[in-house]
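Chains, contacts and geometry: an overview
Listed below are the residues making up each chain.
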2 protein chains.
Amino acid sequence: MSVALPDKIDSDNTDLKQYMAQVGQQARRAADELAIAEPARKNAALSKIAEVIDAQRAIIASENFKDMRNGERDGLDKAMLDRLLLTEARIDAMIEGLQQVATLADPVGEISEMAYRPSGIQVGKMRVPLGVIGIIYESRPNVTIDAAALCLKSGNASILRGGKEAIHSNQAIYRCIEQGLVQAGLSQHSVQVINTIDRDAVGLMLNMRESIDVIIPRGGKSLIERVAAEASIPVIKHLDGLCHVYIDDRADQSKAVAIALNAKTRRYGVCNAMETLLVANAVAESVLAELVPALIDQGVELRGCSRCCQLHPKQISPASDEDWETEYLAPILSIRIVDDMDQAIEHINQRGSHHTDAIVTEDYSRAHQFLRRVDSSSVMVNASTAFADGFEYGLGAEIGISTDKLHARGPVGLKGLTSQKYIVLGDGHTRS
Amino acid sequence: MSVALPDKIDSDNTDLKQYMAQVGQQARRAADELAIAEPARKNAALSKIAEVIDAQRAIIASENFKDMRNGERDGLDKAMLDRLLLTEARIDAMIEGLQQVATLADPVGEISEMAYRPSGIQVGKMRVPLGVIGIIYESRPNVTIDAAALCLKSGNASILRGGKEAIHSNQAIYRCIEQGLVQAGLSQHSVQVINTIDRDAVGLMLNMRESIDVIIPRGGKSLIERVAAEASIPVIKHLDGLCHVYIDDRADQSKAVAIALNAKTRRYGVCNAMETLLVANAVAESVLAELVPALIDQGVELRGCSRCCQLHPKQISPASDEDWETEYLAPILSIRIVDDMDQAIEHINQRGSHHTDAIVTEDYSRAHQFLRRVDSSSVMVNASTAFADGFEYGLGAEIGISTDKLHARGPVGLKGLTSQKYIVLGDGHTRS
């Protein structure tokens, strides 16, 4: 079964351009249908896709094996091969994910804020899909299902472009999606997975203004930077998760230690992990005396400001200026002792990535100030940054976390994939 | 008093670049202050600015006179000169506008959707300013006040770039704004008006990603197209207002006639005026028999489909294909007789501009269908398109109308100039 267009067919890539234009037109037509599809039909499609995946586990596994073999041949590193692998458990998770999205409330058509105006008209808002969403991602083939499910549920057509190393897995999954869509009576173009490994397909996608309404990149920083730089379509993205915990001098020390440990060591490679700890000078000695051995115990490498190094010369090595702006995604933590909350907020707003930052304090006014003044997509009081997550926030599911300010900010769930239009009800009303 | 940098100072415009960079840095610093300014201080600034404008009417008028004289010398057309003119009544309106914005509820800091999650944390949203807003506009100097007031109230710093023909008026108004800001104890850079007529300033503004968060163009289509094409910063815009009224065969004819007349003839040069009327075939003869003479009476030129022309050969001339995609902004109306609502919706979604479209019908299901299926920023039932307006919708004031889907859609008021961040409250909570 042919799964990919040949790599670079002709010099000016006419075939690729035609193919992408066709994908775009098909998506636009499917989006018109999907925008007004009944919730029951969308949910049926999600369930059918889950059934087909369950029935085709063997095919998916064998296509995934091809990708794994090619990946090993091409010398992909161990972490990348791990992300590429579709185990039985991961296929189970894909199926559960589909079933779970089917149970979520449908955001489309929701009417809110309906109120009478002095003129006599009623004005409110109706939630509507964005249209066509382009998703560009890397090696994890399960993103194909996650992204397709959230776009479908929110009434959007989607165009998915996965990594070239996962092309066989993604195409196998796509065939399941197509069957599920058709079985539920929806257009097979409601979800489309680009079937070429030609890198130029990404460049074309980023500029299909007529047929794509928003682009969501999911992957490493270099992918996201490329997408942000080249796209002429709006992008929902986050670049870094350089999260801070600030331990105030009015913190409850046991809460502070628990939160800092959890924020750093729960998982290292995630965007909501703490990368820099800030501690108020007045409590630094006491807090660090408890926290430093605990972190060292967990195998965390510590880099600190000069005062930190004085306190724990054997455990903490000097941090360079670069450390304060580095998302380690690893068992490394930078620690800075600050004069007070003002200096902490300044550090966070200047050095951070506007992702997620927390204060630990028992002081009401400082908690209030911190919430107001820290310019991040999630700001927390006495809670671990590890909570920054669509499921934990009750969004049901998450397509990504946005650190931009326009449209969606923070974890982006189904509502983040929709817009609102105004609706006006009158009874023959005219404006004077 | 010097009001403008010289036009094109040096070949590579180093001075202009330095000037713009400085404006950007000043705006960013002012935005940090303004984001956490007390509502009372922002309102005091709005009141002070109103007082200073009232006290300096003579100076504003004499600076405006310079612009008018230059405009006449440069051969500006009558409509442009009218937009440029600051009469006493228009200065009154500026003062009233400022006072009215001061009375609006402050959107910043509003907390909503705060709820406990199963983990025990409380999650909600806090409304925050966008940061720095760039406004690019044309000849109307009163936009300087409107835009400054809305940005200030919503906690955003603003960089305003008016038309070169209004430079003296805008600078005179700006000096009033500066005085008011300083009197209220806010940074004078909370609002900045670019003081050069060099067109390159616009190009620079559109790419100041570090210091401007969103650009809002206000003016004619060519300005907005330029801004959309050149900006690397998100843009809130609408290009066209090609609004439709569809008169269904289950319409109440008296409501239909009143709404169509109001939507077309209330004001011709506005974006919410009806440009195309669609009438269901079954009632076309009866509706047009009443409506055509009424429109002709008001001096409206009628262009129609072949069936329209058959019904009223003397009053309606044949419409070209272009007519269905033209925003006349003039006493001209195109009329098409359609088979049914489906054909009307297809026409609106394909030929319209996604601004504002209305159905007149007494049929419940059709009203419901029309609201769902028409893909416009405002969709109305039995009401005139003339209601599409921030004041009529209860937004208090309006900086523009967005026909895009991301972030803000429809009339954009104070909330449209803000974003929401997540806030999380715990009591030492860690994630398992």
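It should be emphasised that the depicted structure is a prediction, and the values quoted were computed from it without experimental measurement.

Focus on the overall build of chain A
On a plain count of helices and strands, chain A comes out with 14 helices and 16 strands. Against the compact-globule benchmark of 22 Å for 432 residues, chain A has a radius of gyration of 24 Å, which places it among compact chains. Along the longest, intermediate and shortest principal axes, the C-alpha atoms of chain A span 75 × 65 × 40 Å. Across chain A, every contact between residues at least 6 apart in sequence was considered, and the portion connecting residues at least 24 apart equals 72%.

Section: the sheet that holds strand 4 (residues 157–161) of chain A
Neighbouring strands of a sheet are bound in pairs by backbone hydrogen bonds; such pairs are parallel or else antiparallel. Residue and element names in this part refer to chain A. A sheet is described by the order of its strands in space; here 4 strands give the open sequence 5-4-3-6, paired in parallel fashion. The open sheet has two edge strands with one neighbour each: strand 5 (191–193) and strand 6 (214–218). Here the average twist between neighbouring strands, direction ignored, is 20°. Here strand 4 runs beside strand 5; their pairing, made up of 3 bridges, is parallel. Residue S158 lies in a different strand from strand 5, and its bridge partner there is V191. Along the sheet, helix 1 (residues 14–35) contacts strand 3 (132–137), strand 4 and strand 5; its crossing angle with strand 4, the most-contacted strand, is approximately 145°. On top of the sheet, helix 9 (residues 221–230) reaches strand 3 and strand 6; it is set at about 160° to strand 6, its chief contact.

A look at the domain arrangement of chain A
Domain parsing of chain A yields domain 1 (14–230) and domain 2 (243–392). Using only C-alpha atoms to locate each centre, domain 1 of chain A and domain 2 of chain A end up separated by 36 Å.

Digging into the interface of chain A and chain B
Interface extent is often summarised as the accessible area lost during association of the parts. With 54 residues of chain A at the contact, the number on the chain B side is 54 residues. The set of elements that each furnish at least two residues to the side of chain A that touches chain B consists of strand 2 (122–129), helix 10 (253–265), helix 14 (364–373), strand 13 (378–383) and strand 16 (418–429) of chain A. Looking at the side of chain A that touches chain B, its residues break down into 23 nonpolar, 18 polar and 13 charged. Two strands pair when backbone bridges link them, and strand 16 of chain A and strand 13 (residues 378–383) of chain B are joined in this way by 5 bridges, in the parallel orientation. Bridge pairing in strand 13 of chain B links Y422(A) to S378(B).

A few points about the environment of E230(A)
All names here are of chain A. In this fold, E230 is placed in helix 9. A residue is classified by how many C-beta atoms lie within 10 Å of it, and E230, with 15 of them, is partly exposed. A C-alpha to C-alpha distance of 17 Å links E230 and K17, two positions 213 residues apart in sequence. Not counting residues up to four positions away in its chain, the partners in contact with E230 are G203 and L206.

Quick word on the packing of helix 10 of chain A against helix 11 (residues 281–297) of chain A
All names here are of chain A. Viewed as axis vectors pointing N to C, helix 10 and helix 11 meet at an angle of 35°, and their least axial separation amounts to 10 Å. Here helix 10 runs over helix 11; the crossing is right-handed. Along its contact with helix 10, which presents Q253, A256, V257, A260, L261 and K264, the element helix 11 presents S286, V287, E290, L291, A294 and L295. Considering only residue class, the contact of helix 10 with helix 11 consists of 8 nonpolar, 2 polar and 2 charged.

Details of the relation of the copies chain A and chain B
Expressed as a screw operation, the relation of chain A to chain B combines 0.0 Å of axial shift with a rotation of 180°, fitting to an RMSD of 0.0 Å. Within this description, the copies of the chain are treated as partners about a two-fold rotation axis. Taking the C-alpha atom as reference, chain A places H407(A) closest to the rotation axis, 1.8 Å from it. A symmetric contact is evident, with 100% of the interface residues of chain A recurring at the interface of chain B.

Concerning the pairing of strand 12 (residues 356–360) of chain A
All names here are of chain A. Counting buried residues along strand 12, 5 of its 5 residues qualify, which places the element largely inside the surrounding structure. Of the two faces of strand 12, the one lined by T356, A358 and V360 and the one lined by D357 and I359 are each fully buried. Relative to strand 12, strand 7 (residues 243–247) runs parallel, the two sharing 4 bridges. The partner of Y246 across the bridge, within strand 12, is I359.

Points about the pairing of strand 1 (residues 111–116) of chain A
All names here are of chain A. Among the 6 residues of strand 1, 0 are classified as buried, and the element is accordingly described as predominantly exposed. Note that strand 1 and strand 2 share 4 bridges and pair antiparallel. If you follow I111 over to strand 2, its bridge partner there is M126. Remark: 5 residues form the turn of the hairpin made by strand 1 and strand 2, two consecutive strands paired antiparallel; G120 in that turn has positive phi of roughly 105°.

Side note on the environment of R90(A)
Residue and element names in this part refer to chain A. Mapping R90 onto the fold places it in helix 5 (residues 88–103). Of the residues examined, R90 has 16 C-beta atoms within 10 Å and is grouped as partly exposed. Taking the C-alpha atoms as reference points, R90 and D342, separated by 252 residues in sequence, lie 45 Å from one another.

Comments concerning the confidence of the model for chain A
With 97% of its residues at a pLDDT of 70 or more, chain A has an overall mean of 94. Note on the complex model: pTM 0.91, ipTM 0.92.

Describing the sheet that holds strand 6 (residues 214–218) of chain B
Residues and elements named next belong to chain B. Reading across the sheet, the 4 strands line up as 5-4-3-6 and stay open at both edges, with parallel pairing between neighbours. A single partner strand is all that each edge strand has here, and the edge strands are strand 5 (191–193) and strand 6. Shown here is a sheet whose adjacent strand axes are inclined to one another by a mean of 20°, direction ignored. Alignment of strand 3 (residues 132–137) against strand 4 (residues 157–161), held across 5 bridges, turns out to be parallel. Paired with G134 across the two strands is I159, which belongs to strand 4.

Let's talk about unusual backbone geometry
You will see that H354(A), though not glycine, has its phi angle at about 60°, which is positive. Structurally, H354(A) can be placed in the loop between helix 13 (341–351) and strand 12.

Section: helix 7 (residues 167–183) of chain B
All names here are of chain B. Taking 1.5 Å of rise per residue, the 17 residues of helix 7 would be expected to cover 24 Å, and the 24 Å separating its terminal C-alpha atoms lies within 8% of that figure. Restricting attention to buried positions, one finds in helix 7 the residues I167, H168, S169, N170, Q171, A172, I173, Y174, C176, I177, G180 and L181. Looking at the buried positions of helix 7, the neighbouring elements they touch are helix 2 (39–55), helix 3 (57–73), helix 6 (142–153) and strand 5. Once helix 7 finishes, G185 follows within two positions and takes phi at roughly 80°, a positive value.

Some thoughts on the environment of D323(B)
All names here are of chain B. Of note, D323 is situated in the loop between strand 10 (316–318) and strand 11 (332–338). You can call D323 buried: it has 21 C-beta atoms within 10 Å. Put simply, D323 and T276 are 47 residues apart on the chain and 8.6 Å apart in space, counted from C-alpha to C-alpha.

Conventions we followed
Residues numbered from 1 in each chain as written. Chains lettered and ligands numbered in written order. Predicted model: local features only at pLDDT ≥ 70, side-chain atom pairs only at ≥ 80, totals over all residues. Helix = DSSP H or I, 4+ residues; strand = E, 2+ residues; numbered from the N terminus. Rg over C-alpha atoms; globule rule 2.2 N^0.38 Å. Contact = placed C-beta atoms within 7 Å. Pairing = 2+ DSSP bridges. Axes fitted to C-alpha atoms, helices over the stretch in contact; angles between N-to-C directions. Domains from an automatic or database assignment. Nonpolar A, V, L, I, M, F, W, Y, C, P; charged D, E, K, R; others polar. Buried ≥ 20, exposed ≤ 12 C-beta atoms within 10 Å, placed from the backbone. Left-handed = near helix turned anticlockwise from the far one by under 90°. Least-squares fit on C-alpha atoms with pLDDT ≥ 70 in both. pLDDT = per-residue confidence, 0-100. Expected span 1.5 Å × (residues − 1).

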